[in-house]
Amino acid sequence: MGLDIPGATGSRPDAVPLDESGAEDLLRGICFKTGPPRTVGVELEWLIHDRERPDLPVGRERLDSAVEAVRALPLSAALTFEPGGQLELSSQPAGSLMECVDTTAADLAAVRASLGAAGLAPVGLGVDPWQPPYRRLRERRYEAMEAALDRAGPAGRAMMCTSASVQVCLDAGEEEPGPLGYGRRWQLAHLLGAVLVAAFANSPFQQGRRTGWRSTRQSLWADLDPGRTLAPGSGRAPREAWAAHVLDTTVLCIRCEEGPWDVPEGLTFREWIRTGSPRPPVRADLDYHLTTLFPPIRPRGHLELRMIDAQSGPDGWLVPLAVATALFDDPEAAETVYRAVKPLAETAGSPAAPRNPLWTKAAREGLADPELRAAATVCFGAALPALERMGASGAVRDTVAAFTDRYVARGRCPADDLPEPGDLAGRGLLTGPGKPTGPVPPAGPDVPTGPVDRPARGPERLVAGPPTIPPSPPRPGKAASA
């Protein structure tokens, strides 16, 4: 039993204390695993609300009962729950976009039906527009996380307990340079990521009030512990940059066999290795440390795109999944989009995402910003023919096209069509956006105003105690999150 405790001594390789060079070698080897892009996954987080009165909190016993029913379902995806009770479905890695869409849609239909029997529904918004943060999971991991993030202010609790997202997981890319090379994809992700923030912004409210952000969720991430949520600095190759970033980020907590986990202040993982105090770190500690880093793009063998707000309606989630997959994995689209977003680097400047002017503008203004609107127009225009080349179904292409016409072509994002929190109805949140509201923004320079041209269509219980769902190894579509 003692050998299963982090830091215990013994003959297992992961019980041997790490040294600096060994940790760097591990990080360079495990975080960018290259090969032809061939798998895709998605992680869907949902707020759980009463179907008729989503503005009212769901009672603990009622939610626990619904959770037990969902846990009994024969799902393909891994099912977990976030600290505030948000439901999380993490797909298995799929060999194609359509395989991922079909299996995830089947799982989600089963989950919706199960929750519906309890009068509940999964709601796709980036931040709960009504409820204040309340942590339902009382595990030591979340006790330590809350204590650590509280040092930077209230954003940590709001992120843990009231936020939800669509996270797309894609292969890191090929070793060789080019549009599918991992270096190009890494650079593309940090520029295209801002466009995805703006296009899918869907969280303008918090605790019943408009916040001034289209994506309040993204603003919360930017307000967290800056080292933990920043991308690595530029100027170094991706593997070297990420390895240095991981070791130079502070340790969120040090796990122990009994009692509360230690929450050191200002101790980087590199310093922990060098001092060996309060105990020498081992491989399991490094693996865990990686799960406590929340940059907008997290390399975990694959690339985990973490910047997209949860989307409303039964099919809203598949639009960011389909668009991101098409723009990264179709060589022609990847090259087109890279040329379109490369000029955004000048707006971003030297600060790392998400704390730079480009990402801030994306979260605050969405596609009302002419530069982001122009880039999104090119990106979504490239995605549509790419999806056809990739064999996406007509239904998927139609859903993406409808989103493009409704939002991108009009310089709008989902947040622009949400009514005020007091007017939000459960049925509207479940069936998708209603009639567009507000004036159409004027066209900026060289930004088309009509539809974009495209080819014709030929448990882990919510109570105190250890989780009952064991963690899975990192893979596209299944990754530890906050």
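Whatever comes next refers back to the structure up there.
K.L.:
Just to check I follow, could you spell out helix 2 (residues 60-71) for this structure?
P.N.:
Residues spaced three or four apart along an α-helix face the same direction, because each turn holds 3.6 residues. The terminal C-alpha atoms of helix 2 lie 16 Å apart, and with twelve residues this matches the ideal 16 Å at 1.5 Å per residue to within 8%. Among the residues making up helix 2, those that are buried are L63, D64, A66, V67 and V70. Angular distribution of buried residues about the axis of helix 2 spans 165 degrees; they occupy a single face of the element. Looking at the buried side of helix 2, the elements it contacts are strand 1 (40-50), strand 2 (78-81), strand 3 (87-90), helix 3 (97-117) and strand 4 (120-123).

K.L.:
How do you make sense of helix 6 (residues 182-199) when you look at a structure like this?
P.N.:
Given a rise of 1.5 Å per residue, 18 residues ought to cover 26 Å, and the 24 Å separating the end C-alpha atoms of helix 6 matches this to within 8%. At H190, helix 6 is deflected by roughly 30 degrees, the largest bend along its length. With 15 of its 18 residues buried, helix 6 lies for the most part within the structure.

K.L.:
Could you clarify how one ought to interpret unusual backbone geometry in this entry?
P.N.:
Of all residues except glycine, most have a negative phi; of all peptide bonds, most are trans. For the peptide bond that leads from S277 to P278, omega is 10 degrees, which places it in the cis range. With an omega of 0 degrees, the peptide bond between A353 and P354 qualifies as cis. With respect to the secondary-structure elements, P354 resides in the loop between helix 14 (344-348) and helix 15 (357-365). If you check the backbone angles, Q207 has positive phi at about 50 degrees while not being a glycine. With respect to the helices and strands, Q207 occurs in the loop between strand 6 (205-206) and strand 7 (209-210).

K.L.:
What's the story with the packing of helix 1 (residues 20-30) against helix 11 (residues 283-291) in this structure? I'm lost.
P.N.:
A pair of packed helices is captured by two measures, namely the crossing angle of their axes and the spacing between those axes. Between helix 1 and helix 11, the shortest axis-to-axis distance is 11 Å and the interhelical angle comes to 50 degrees. It follows that helix 1 is oblique to helix 11 by the angle criterion. As for how helix 1 packs across helix 11, the hand of that crossing is right-handed. Each of A23, L26, L27 and I30 in helix 1 lies in contact with helix 11, whose residues at this interface are R283, L286, D287 and L290. Residues of the contact of helix 1 with helix 11, tallied by class, amount to six nonpolar, no polar and two charged.

Procedures and definitions
Residues numbered from 1 in each chain as written. Predicted model: local features only at pLDDT ≥ 70, side-chain atom pairs only at ≥ 80, totals over all residues. Heavy atoms only, no water. Helix = DSSP H or I, 4+ residues; strand = E, 2+ residues; numbered from the N terminus. Expected span 1.5 Å × (residues − 1). Buried < 20%, exposed > 50% of the residue type's maximum accessible area, 1.4 Å probe, protein only. Arc of directions from axis to C-beta. Contact = heavy atoms within 4.5 Å. Bend = angle between axes of the 7 residues up to and from the residue. Axes fitted to C-alpha atoms, helices over the stretch in contact; angles between N-to-C directions. Parallel < 35°, antiparallel > 145°, perpendicular 65-115°, else oblique. Left-handed = near helix turned anticlockwise from the far one by under 90°. Nonpolar A, V, L, I, M, F, W, Y, C, P; charged D, E, K, R; others polar.

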